[in-house]
Amino acid sequence: MSRRSVIADFFAALLLTLTAPAITARATILWSDPGSRVIHATPDGTDILGGKVKRDDKAGDALYFKFRVDPLSDPYDEPYYALFQLVESNQMRLGVGNAMEAWGYSAAYAAETGPSNKPPNELTYNDAGEYNLQSSHPAAAGMGKFFSYELPSHNHPRTIVFKVQYIPGGDDLVTVWLDPNLTHGATADNQPEDLMTKFKAKATFDEIRLRHWGTGGLQHDGGNGWFFSDMAIATSFNDFVVVRFWQTWWFMALLASALLIWVGATVRIIEQRKFQLQLRHAEQERALEQERARIAQDLHDDLGSTLTRLSLLSGLIKADKDSAEQVEAHATKLSQAADQTVRALEEIVWAVRPGSDTLQSLADYIAHFANELFEGNNTHCRLDLPHDLPTLPLPPDMRHNIFLIVKEALTNALKHAGAHEVQVQVKISGHTLEIRVQDDGKGFDPASLAEGRRNGVGNMRRRAETIGGKLELQSASGQGTTMRLSVNLQNRATAGRT
């Protein structure tokens, strides 16, 4: 199995794992009221449920209730109640919040009284069982019986969740969590024990009322009331768990899909780059092979023929040793052939020498060749070559063809133009290399070129086309000749990089 297949299988499995929760049936929010209500001096309260949910004594399922409270005042010096009250047929059932004479957050109208709560007392309106709620934020030590419970306090809002497991025909089982953990991953089973309270109560209902009252009547009505907000009824604790969008299964699935796409794209890009690198290496190797083949051909053709000529001329000198004129003529030709051999060897050495594959090296060698070619001649060669050319690499074929075009132009200027001065200029603009060879010789009519000159110009044009360049030749009788070669180095130089 390929590495790409393993990666794809892994992320496919991850995607399936993350999207699995979508298949699982979720519980249902039966009713919710996310708004905020200030409840103050409402001894009986009014229904806020509107008949959307109800349970009678025949119910045997479980419901979960949630609400958030923030007491606006905390009158410790007088009893008061503030309750999220279940009501059935106008009869008060289970209420949760703060019971009349409880020591802290508590439940009212329970079927039993908590161990530290006062029993029912008609004189204090405490006519039902009260049960203090355990808290993970109990009152400070030293407050005696208050120690295990939390006193309601303004600016310390609390969320209360309670579960009612309905028992047909009997008291229902109630579990209350005071300020439970409702973050992602929380469940009813992993809540701390110190914020969970269990007791029995009658919890059937067809209304929900928010009640608040104090024993002092209108003069002392239990402070400024309570804020009730974020109320809901559901069939599962998990429906109250707050799941941020980045914690949802669909976001995880989207993230996994994006990651899978990114990995796939990265693998593809890497593979493409490796392929392109291999392709460039193959092109470089092919160019190197072509250069080697060219050098071998030059050695065979140029040097071979020149050495053969040297051998023949040496033989002629020996044969005509008695004729001084013939010996001198043969010696002159022998010297010329030797000079050509030296230049050919220099070109080959320059082509294979490390560091010769740059634009600066090409310009330097053109200068060297021009100086040697015009040395000892009446024609003056003026060079205008920059010494700070960009360090662009040149493929061997491009370097060789550019040099041969310039070599042909300089040779023609020396042999045929009869010029007093030849100017060689090299400049670069952007990615375009421009070489100009200009002489002040007799010029010529391009339409009436001699056969030899026609072949030379044709070879120059073919070489320019081979490297994607443009060759311009301007000349007229008595006005000299100008050769311009323009080559875009960007693509070819990039192809020649390692």
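Refer to the structure printed above.
First, a word on scope: everything that follows refers to the structure included in this document. This is a predicted model, so every value here is computed, not measured.

1. Observations concerning the packing of helix α4 (residues 359-374) against helix α5 (residues 396-415)
In step 1: Interaxial distance between α4 and α5 falls to 11 Å at its minimum, and their mutual angle equals 25°. Regarding the angle of α4 to α5, the classification is roughly parallel. Seen along the crossing, α4 lies across α5 with a hand that is right-handed. Judged by residue contacts, Leu362, Tyr365, Ile366, Phe369, Ala370, Leu373 and Phe374 of α4 engage Arg399, Ile402, Phe403, Val406, Lys407, Leu410, Thr411 and Leu414 from α5.
In step 2: By residue class, the composition of the contact of α4 with α5 is twelve nonpolar, one polar and two charged.

2. Brief notes about the side chain of serine 135
In step 1: Secondary-structure assignment places serine 135 in the loop between β6 (129-132) and β7 (158-165).
In step 2: In terms of polar contacts, serine 135 uses its side chain to reach the backbone amide nitrogen of histidine 137, at 2.8 Å.
In step 3: There is a polar contact of 2.6 Å between the side chain of serine 135 and the side chain of glutamate 150.

3. Re the nonpolar core
In step 1: One finds Ile402, Phe403, Leu410, Met483, Leu485 and Leu489 to be the most contacted residues of the largest nonpolar core, which totals 41 residues.
In step 2: Within the residue set of this core, elements represented by two or more residues are α4, α5, β13 (421-429), β14 (432-439), α6 (451-466) and β16 (481-488).
In step 3: The dominant element in this core, judged by the number of residues it contributes, is α4, at ten residues.
In step 4: Apart from the residues lying within four places of it in its own chain, the contact partners of leucine 410 are Phe369, Ala370, Leu373, Phe374, Val422, Val424 and Val437.

4. Concerning the packing of aromatic side chains
In step 1: A full pass over the atoms with the stated rule returns 13 aromatic pairs.
In step 2: Judged by centre distance (5.4 Å) and plane angle (80°), the rings of phenylalanine 369 and phenylalanine 403 are edge-to-face. Placement of the pair is phenylalanine 369 in helix α4 and phenylalanine 403 in helix α5, with a sequence separation of 34 residues. For the pair formed by phenylalanine 369 and phenylalanine 403, the shared burial category is buried.
In step 3: The structure contains a cluster of three or more aromatic residues connected by ring pairs, namely Phe65, Phe67, Tyr80, Phe84, Tyr105, Phe162, Phe205, Trp226 and Phe228.

5. Considering unusual backbone geometry
In step 1: Even without being a glycine, aspartate 179 presents a positive backbone phi close to 55°.
In step 2: Within the fold, aspartate 179 resides in the loop between β8 (172-178) and β9 (196-201).
In step 3: By relative accessible area, which is 22% here, aspartate 179 ends up partly exposed.
In step 4: Not every positive phi belongs to a glycine, and aspartate 230 is a case in point at roughly 50°.
In step 5: In this structure, aspartate 230 sits in strand β11 (residues 226-234).
In step 6: The class of aspartate 230 is partly exposed, set by a relative accessible area of 33%.

6. Structural notes on α4
In step 1: Along its 16 residues, α4 runs 23 Å from first to last C-alpha, staying within 8% of the 22 Å computed at 1.5 Å per residue.
In step 2: Burial analysis of α4 places twelve of its 16 residues in the buried class, which makes it a mostly covered element.
In step 3: Where α4 terminates, the next one or two residues include glycine 376, which has phi positive at roughly 80°.

7. A word on the pairing of β8
In step 1: Counting buried positions over the seven residues of β8 gives six, a clear majority of the element.
In step 2: Pairing between β7 and β8: six bridges, direction antiparallel. Across the sheet, isoleucine 160 pairs through a bridge with leucine 178, a residue of β8.
In step 3: Counted between consecutive antiparallel strands, the loop separating β7 from β8 contains six residues, among which glycine 169 sits at a positive phi close to 75°.

Definitions and limits used
Residues numbered from 1 in each chain as written. Predicted model: local features only at pLDDT ≥ 70, side-chain atom pairs only at ≥ 80, totals over all residues. Heavy atoms only, no water. Axes fitted to C-alpha atoms, helices over the stretch in contact; angles between N-to-C directions. Helix = DSSP H or I, 4+ residues; strand = E, 2+ residues; numbered from the N terminus. Parallel < 35°, antiparallel > 145°, perpendicular 65-115°, else oblique. Left-handed = near helix turned anticlockwise from the far one by under 90°. Contact = heavy atoms within 4.5 Å. Nonpolar A, V, L, I, M, F, W, Y, C, P; charged D, E, K, R; others polar. Polar contact = N/O pair within 3.5 Å; in protein donor to acceptor, adjacent residues only side chain to side chain. Core = buried A, V, L, I, M, F, W, Y, C linked by side-chain atoms within 4.5 Å. Buried < 20%, exposed > 50% of the residue type's maximum accessible area, 1.4 Å probe, protein only. Phe/Tyr/Trp six-rings, centres within 6.5 Å; stacked < 30°, edge-to-face > 60°. Expected span 1.5 Å × (residues − 1). Pairing = 2+ DSSP bridges.

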